[in-house]
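# Coordinate analysis (summary)
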Amino acid sequence: MMSVSLETIRSLCKRRGFVFPSSEIYGGIESIWDYGPLGVELKNNIKRAWWRAVVYERDDIEGLDAAILMNRLVWKYSGHEETFSDPLVDCRECKRRFRADDVLARALERAVESVRRPLREDAFRFAEEIEAFLNEVEHRERERGRTYSSRWALASEVLKDPEYQERLRQRVQQEAGPPLLPPDSDPLRAWIEVLEHAGSLLRERLETIRAIEKTFGRTYQSEQQLLQQALTTYRSWTTDVVKASWNELFVRLNERQALPCPHCGATGAFTPPRRFNLMFKTFMGPVEEESALVYLRPETAQGIFVNFLNVLGSARRKLPFGIAQIGKAFRNEITPGQFLFRVREFEQMEIEYFVPPGEDERWFEHWVEERFRWYLGLGFRAENLRCREQSREELAHYSKRTVDIEYRFPMGWGEIEGIANRTDYDLRAHSKSDPRNEHSTDDLTYFDQAAGVHVTPYVIEPSAGVDRIFLALLCDAYHEEMVRGEKRVVLRLHRDLAPVKVAVFPLLRNRSELVELARKIAADVRASVPGRVVYDDTASIGRLYRRQDEIGTPYCVTVDVESLSDEQVTVRDRDTMQQVRLPIARLREYFAEQFRRESSLVG
């Protein structure tokens, strides 16, 4: 796999017209982006591919386009007014503001780095193999109908079985030997002292780590030694605990001078953490008063939930069925960045799939497999995609289970879609029968005619970010190679997603008859190609090819002097760079075959 930097992708987007900084002539606005001529084409193609896959190619999903502004009570009863917030701290020295959990994560990284550096490769491989082993065990136990209070309880229990112990030893020893025990480390002492008070979350995981370590013949005389091993070798497990316990940990570590400011380096200088709501506020009507307060929606899902009965009745649906929606959402992120990965205005593609209670696990697995398969169909390389189950501490308050589909971005693995089992939380929260809801006028239930009862469906939610998929596609498709001593940059986008499908050039722009013929061919080809066909004569033929390679155009058509007599043109393939001569009269048929509607991603 070729590695590409985020800055390279960002430069390409600006230079070629994919993405521009918003309001750039006035200095821009942080983490808001405008999609240019090519960007809007790629973005629309992503949305069309999604809509075709989840609405047109299925018979159990309806579409919806709910309004961005909704009654404030929607966000009250969804829980967003109370829980949709980030923990913030200010540095008293440099006056900068940060997310408390981000400061914790950075400080922990620094504290363990000196210990972990010599163990890095072995520790990573060791932890990854154990993670993979536990995934397999969890799946096998679930198939046997065995449930546990948590994944960590499962691991502690099954590792009492000598057979599982032997499987784990064989698995790890084949791939990566157990790393050396870390030495006692001063930077970790403050963390160890504070984490001893983290409570049941950490206790449970330490017992799992103790069981794994015992499998390899290692025992610990003290909790401090075990905790140090947990912080270094089992880093991802303990990081979850740090994030889940951020408030108490932050205050204690700040008092111990263990949290340096990411900007100025000062220690012990942070204010106590406080909550900050991420929803953008505005006012409806001429007076800015509390009764006129509304929010820009932070997600599209609630528009689906409050329209559940409308769609159920008008479309005459039975369970299971889904409602799909594509739309803008807004979050007042405190630490946005990494180009398009974390922005304040973004677009979501969401399905809320309503199923009978008791069938939610089966449909959850269905949608995880279905959605992962869709990304492979877009042309993503399999090695750059993975499914990751969220830990209990990561789960949103409404979620029973969540699996994130992640892409390996230049800055590391990042979520592009989440599939959540939201149970019946949302429909119940918006129903008048909920004792906490004083304002709803109806119950969001489904009448099961066979059983003669009203039931509240469970909901499986595949939720994808258009902007993140856009960025992932560019990173995955970007390729550099040397051709005749010159660097060639090419975006190997799936032909159905490419912003421009066909580009037509005259070999000589000062020959009016070539220009006229090339323009005529471009206009004719547009009738058979489902997407943009462009004419270009603004550079030499070599530069025109490179320009189209760099934006991912699958086919280029060159009209040369011989075309005037033999009525043939040269068609060049982006990926192979092979050129074939075709009669002009066959071009429409040729491109109709390349972009066949029945096999197209976008329809």
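Predicted model, so just to flag it, every value in this text is computed and none were measured.

Attention now moves to the overall build of the protein. When its secondary structure is counted, the protein shows 22 helices and 23 strands. Taken over C-alpha atoms, the radius of gyration comes to 28 Å for the protein, in line with the 25 Å a tight globule of 603 residues would show. Judged by the C-alpha coordinates and their principal axes, the protein covers about 90 × 65 × 55 Å. Expressed as a percentage of its 603 residues, the buried residues of the protein come to 51%. Within the protein, contacts between residues at least 6 apart in sequence are counted, and of these 69% link residues at least 24 apart. Counting only carbon and sulfur atoms, one obtains 47% of the accessible surface of the protein, whose full area is about 28,300 Å². Charge separation in the protein, taken as the distance between the mean sites of 89 positive and 97 negative side-chain charges, equals 3 Å.

If you walk through the whole model with that rule in mind, you get 23 aromatic pairs. Ring geometry for F18 against F470: centres 6.5 Å apart, planes inclined by 75°, an arrangement best described as edge-to-face. Pair noted here: F18 is in the loop between α1 (6–16) and β1 (19–21) and F470 is in helix α18 (residues 466–477), with a separation of 452 residues, a long-range link. Judged by centre distance (6.1 Å) and plane angle (20°), the ring pair of F308 and F321 falls under stacked. Taken as a pair, F308 in helix α15 (residues 308–315) and F321 in strand β9 (residues 321–330) lie far apart in primary sequence, 13 residues in all. Take F308: its relative accessible area is 0%, and that puts it in the buried class. We classify F321 as buried; its relative accessible area is 0%.

Let's shift gears to the layout of surface pockets. In this structure, the second largest pocket spans a volume of roughly 290 Å³. Forming the walls of the second largest pocket are 15 residues, and the residues nearest its centre are V74, V306, H430, S440 and T441. Partitioning the lining of the second largest pocket into residue classes produces 7 nonpolar, 7 polar and 1 charged.

Pairing between strand β17 (residues 478–483) and strand β18 (residues 486–491): 6 bridges, direction antiparallel. Residue pairing in the sheet places H479 in a bridge with V490 of β18.

Cis rather than trans, the peptide bond between L319 and P320 has omega equal to -5°. Inspection of the secondary structure puts P320 in the loop between α15 and β9. Its identity is not glycine, yet K95 carries a phi of approximately 70°, on the positive side. Mapping K95 onto the fold places it in the loop between β4 (85–90) and β5 (97–99). Its relative accessible area of 66% is what places K95 among the exposed residues. The phi dihedral of R484 is positive, around 50°, even though this residue is not glycine. Mapped onto the fold, R484 is located in the loop between β17 and β18.

For the pair helix α2 (residues 37–56) and α18, interaxial distance at closest approach is 10 Å and the crossing angle is 110°. By the angle between their axes, α2 is roughly perpendicular relative to α18. You can see that α2 and α18 cross each other, and the crossing is right-handed. Of the residues in α18, those in contact with G39, L42, K43, I46 and K47 of α2 are V466, D467, I469, F470, L473 and L474.

Right, let's talk about the side chain of T456 for a bit. Tracing the backbone through its elements, the reader meets T456 in the loop between β15 (453–455) and β16 (458–465). T456 has contacts with P357, D424, L427, R428, L444 and T445, leaving out every residue within four places of it along the chain.

Secondary-structure assignment places N510 in the loop between β19 (500–506) and α19 (512–525). Here N510 falls in the exposed class, since its relative accessible area comes to 68%. N510 sits 27 residues away from D537 along the chain, and the two C-alpha atoms are 9.5 Å apart.

What follows covers the sheet that holds β4. The 3 strands are arranged β5-β4-β6 in an open sheet whose pairing can be described as antiparallel. Each edge of the open sheet carries a strand with a single partner, namely β5 and β6 (274–277). Taking the axes of each pair of neighbouring strands and ignoring which way they run, one obtains an average angle of 45° across the sheet. As defined by bridge partners, β4 adjoins β6 across 4 bridges and the pair is classed as antiparallel. Residue P87 lies in a different strand from β6, and its bridge partner there is R275.

This part covers helix α11 (residues 223–232). Taken across its 10 residues, α11 has 7 buried, putting it largely inside the fold. Taken residue by residue, α11 has L226, L227, Q228, Q229, A230, L231 and T232 as its buried positions.

What counts and what doesn't
- Residues numbered from 1 in each chain as written.
- Predicted model: local features only at pLDDT ≥ 70, side-chain atom pairs only at ≥ 80, totals over all residues.
- Heavy atoms only, no water.
- Helix = DSSP H or I, 4+ residues; strand = E, 2+ residues; numbered from the N terminus.
- Rg over C-alpha atoms; globule rule 2.2 N^0.38 Å.
- Buried < 20%, exposed > 50% of the residue type's maximum accessible area, 1.4 Å probe, protein only.
- Contact = heavy atoms within 4.5 Å.
- Areas by Shrake-Rupley, 256 points an atom, 1.4 Å probe, with all protein chains shown as cover.
- Lys, Arg positive; Asp, Glu negative; His and termini not counted.
- Charge placed at Lys NZ, Arg CZ, Asp CG, Glu CD.
- Phe/Tyr/Trp six-rings, centres within 6.5 Å; stacked < 30°, edge-to-face > 60°.
- 1 Å grid on protein atoms, 1.4 Å probe; cavity = no way out; pocket = protein on both sides within 12 Å on 5 of 7 lines; lining within 4 Å.
- Points joined across faces, edges and corners; volume = space filled by probe spheres on them.
- Nonpolar A, V, L, I, M, F, W, Y, C, P; charged D, E, K, R; others polar.
- Pairing = 2+ DSSP bridges.
- Axes fitted to C-alpha atoms, helices over the stretch in contact; angles between N-to-C directions.
- Parallel < 35°, antiparallel > 145°, perpendicular 65-115°, else oblique.
- Left-handed = near helix turned anticlockwise from the far one by under 90°.

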